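Structural overview
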Amino acid sequence: MDFELTDEEKAFHGAVRKFGDRVLRPHERQIDAEGRIPDEVLSEMARLGLLAMPVSTEFGGMGASAVLTELAAEEIGRGDFSMATAVFFLLEAGWGYILDRHGTESAKRAVLPAVCSGKAFLGIATTEPSGGSDLANMRTRSRREADGFSIRGEKAFLSGVDEAKRLGGGHLTLTRAEEGGFNFLYVPTVSEGATTQKFQNMGRMGISTGAITYDGVRVPRSYLIGEEGKGFGCAIEGFTVARTFVSAACVGAAERALETGIAYIKERQVFGQALGKFEAIQFELVDLWVQVEAVKWQCRRAAWLLDRYTLRGDDSHRGEVERAVAAVKLTAPPIAFEAVKRVMMWFGAAGYTKDVGLELGLRGVMSYLVGAEGGLNVMRMILGRELLGKEFLPYK
Ligand SMILES: Cc1cc2nc3c(=O)[nH]c(=O)nc-3n(C[C@H](O)[C@H](O)[C@H](O)COP(=O)(O)OP(=O)(O)OC[C@H]3O[C@@H](n4cnc5c(N)ncnc54)[C@H](O)[C@@H]3O)c2cc1C
């Protein structure tokens, strides 16, 4: 087993860290305050090849491995502590990959080059007002028509609804097919019959969350992802990929929190010495660091498994891949949240201010605790099913 990155990977990793330090950090407060990622940041991401990285070069991506994308997600989570840029990044990486792998030639040509150059947004629409965890019970329906599909229903809590309206683009949308099974369809947000609504979130303000109502929205047959009636599997594959990058972004946020905390406890004087000299604080730092380090390698292994199997279209190790990804998505957000919270407490009253900026990370990482890309108990359900067998799922 080789843990060493190649020279190319090291160089790219270094370039993304530099982008995080020079471009994202100076903009993160503006991103949070203005509720959008500035165009110059998106252009720089496009220039570096960071938009929809795993998409093949033919369609404007860099055909990046999951490991390289995971490294970039870490650095973007470290750079923009609000997590907004990380969310934008990982949605396009995960769902761009799915469109590239399972989409039709004409859908790929219509969507991917614009996404990879920052001129369109691509997201995922599975959650409905009635729930996101119990996906198989969704109500949004699609019906086959002469030249495509028509869609009726409502999706909610979708990342990037405003971005898709402003930049162009849309969401890969999971629907119950009237003819049986599930259709996974690319739906441009600005479609006739689609209306949108925006929610007021508490964090990661630079990327919107909203709802879309579909009142007979029509999409061409070429916008079908995977086979008709078999879209559920494509959506699950996308979640497996995207959850790895979510976890990586959380690792980056945790590392940023620890770096901030280490610098502070070396300097802050209490009771006549540096805060970091007190074992109560030093040991807490060590315990957090050990957990973050463990989850980082858990995350890298999940990405390595994706490269070895999933991204090659090899389903033979599906259980192993799903266990690795669910395990890291279960551990990374709570550890990142704990790291940010603990460091905030080392800062005392200052930690509670916007000047120090830890609250940005706290609000951003929280989105992954409440549910984005699947709630923690859903990860536990995947792992329970894997460890005990399908007959132990608590539902039919
Ligand atoms: C900021 C943000 C952005 C999001 N972006 C998107 C997006 O782009 N696209 C999209 O489709 N969705 C998106 N979501 C929605 C997300 O996928 C859902 O929040 C998630 O799937 C959980 O669904 P829910 O919120 O309806 O909670 P529910 O499904 O109602 O679950 C509520 C709680 O119960 C737990 N739970 C569920 N089932 C069980 C069980 N059997 N046993 C024990 N506990 C259980 C869940 O883990 C959760 O904590 C986003 C959410 C957030 C917060």
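Predicted, not measured: the structure shown is a model, and the values here were computed from it.

Moving on: the domain arrangement of the protein chain. Domain annotation of the protein chain identifies domain 1 (7–121), domain 2 (122–225) and domain 3 (232–392). Spacing between the C-alpha centres of domain 1 and domain 3 amounts to 20 Å. Domain 1 puts 30 residues into the contact, and the matching count from domain 3 is 42 residues. Summing both sides of the interface, domain 1 and domain 3 together bury roughly 3,000 Å²; the carbon and sulfur share of this comes to 63%. Ranking the residues of domain 1 by area buried against domain 3 places Arg-29, Phe-81 and Met-83 at the top, with a combined share of 23%. Between the two partners, domain 1 and domain 3, sit eight salt bridges. Among the salt bridges present, the one from Glu-28 reaches Arg-256, with a minimum N-O distance of 2.7 Å. Run the count over domain 1 and domain 3 and you get 16 residue pairs in polar contact (both at pLDDT 80 or more).

With that out of the way, let us pick up the pattern of salt bridges. Across all of its chains, the model carries 40 salt bridges by this definition. Its salt-bridge partner being Glu-359, residue Arg-363 comes within 2.7 Å of it at the nearest N-O pair. Within this pair, Arg-363 and its partner Glu-359 are both found in helix α10 (residues 358–370), separated by four residues, close to a single helical turn. Considered together, Arg-363 and Glu-359 belong to a single accessibility category, that of buried residues.

Taken together, 19 residues lie near the ligand, and Ile-124, Thr-126, Thr-127, Ser-133 and Phe-157 sit nearest. Between an oxygen atom of the ligand and a main-chain N or O atom of Thr-126, the distance comes to 2.7 Å. Here a nitrogen atom of the ligand sits 2.9 Å away from a polar atom, N or O, in the main chain of Phe-157. Contact with the protein chains hides 68% of the accessible area of the ligand, taken as 970 Å² for the molecule alone. With respect to the pocket detection grid, the ligand is positioned in the largest pocket. Counting only elements with at least two residues in the shell around the ligand, the list comes to β1 (121–125), β3 (148–159), α10 and α11 (376–388). Considering every element that reaches the shell around the ligand, the biggest residue donor is β3, with three residues. Mapping the shell around the ligand onto the domain boundaries places at least three of its residues in each of domain 2 (122–225) and domain 3 (232–392).

Now for the side chain of Thr-126. Within the secondary structure, Thr-126 is located in the loop between β1 and β2 (141–145). Owing to a relative accessible area of 5%, Thr-126 belongs among the buried residues under this scheme. In this structure, Thr-126 is in contact with Leu-135, Met-138, Lys-155, Leu-158, Leu-174 and Phe-239, ignoring residues within four places of it in sequence.

Quick look at α10 now. Between its terminal C-alpha atoms α10 stretches 19 Å, which fits the 18 Å expected from 13 residues at 1.5 Å a residue. With 10 of its 13 residues buried, α10 lies for the most part within the structure. Here the buried face of α10 lies against α1 (7–34), α4 (84–102), α7 (231–267), α9 (318–346) and α11.

We now examine the packing of α4 against α7. At a minimum axis distance of 9 Å, the contact between α4 and α7 shows a crossing angle of 150°. The pairing of α4 with α7 is recorded here as roughly antiparallel in orientation. Where α4 crosses over α7, the two elements pack in a sense that is right-handed. Between α4 and α7, the contacting residues are Ala-86, Leu-90, Ala-93, Gly-94, Trp-95, Tyr-97, Ile-98, Arg-101 and His-102 on the first element and Cys-234, Ala-235, Glu-237, Gly-238, Phe-239, Val-241, Ala-242, Phe-245, Val-246 and Ala-249 on the second. Across the contact of α4 with α7, the residue classes break down as 14 nonpolar, three polar and two charged.

Along any regular strand the residues' side chains alternate between the sheet's two faces. Burial of β1 is extensive: five of the five residues sit out of reach of the surface. Burial along β1 is two-sided: the face carrying Phe-121, Gly-123 and Ala-125 and the face carrying Leu-122 and Ile-124 are both buried. Pairing geometry for β1 and strand β4 (residues 169–177), over five bridges, is parallel. Residue Phe-121 lies in a different strand from β4, and its bridge partner there is Gly-169.

Here is what the cut-offs are and how they apply
- Residues numbered from 1 in each chain as written.
- Predicted model: local features only at pLDDT ≥ 70, side-chain atom pairs only at ≥ 80, totals over all residues.
- Heavy atoms only, no water.
- Domains from an automatic or database assignment.
- Contact = heavy atoms within 4.5 Å.
- Buried area = accessible area lost by both parts, 1.4 Å probe.
- Salt bridge = Lys/Arg side-chain N within 4 Å of Asp/Glu carboxyl O.
- Polar contact = N/O pair within 3.5 Å; in protein donor to acceptor, adjacent residues only side chain to side chain.
- Helix = DSSP H or I, 4+ residues; strand = E, 2+ residues; numbered from the N terminus.
- Buried < 20%, exposed > 50% of the residue type's maximum accessible area, 1.4 Å probe, protein only.
- Near = heavy atom within 4 Å.
- Areas by Shrake-Rupley, 256 points an atom, 1.4 Å probe, with all protein chains shown as cover.
- 1 Å grid on protein atoms, 1.4 Å probe; cavity = no way out; pocket = protein on both sides within 12 Å on 5 of 7 lines; lining within 4 Å.
- Sits in = over half its atoms within 2 Å of the grid points.
- Expected span 1.5 Å × (residues − 1).
- Axes fitted to C-alpha atoms, helices over the stretch in contact; angles between N-to-C directions.
- Parallel < 35°, antiparallel > 145°, perpendicular 65-115°, else oblique.
- Left-handed = near helix turned anticlockwise from the far one by under 90°.
- Nonpolar A, V, L, I, M, F, W, Y, C, P; charged D, E, K, R; others polar.
- Pairing = 2+ DSSP bridges.

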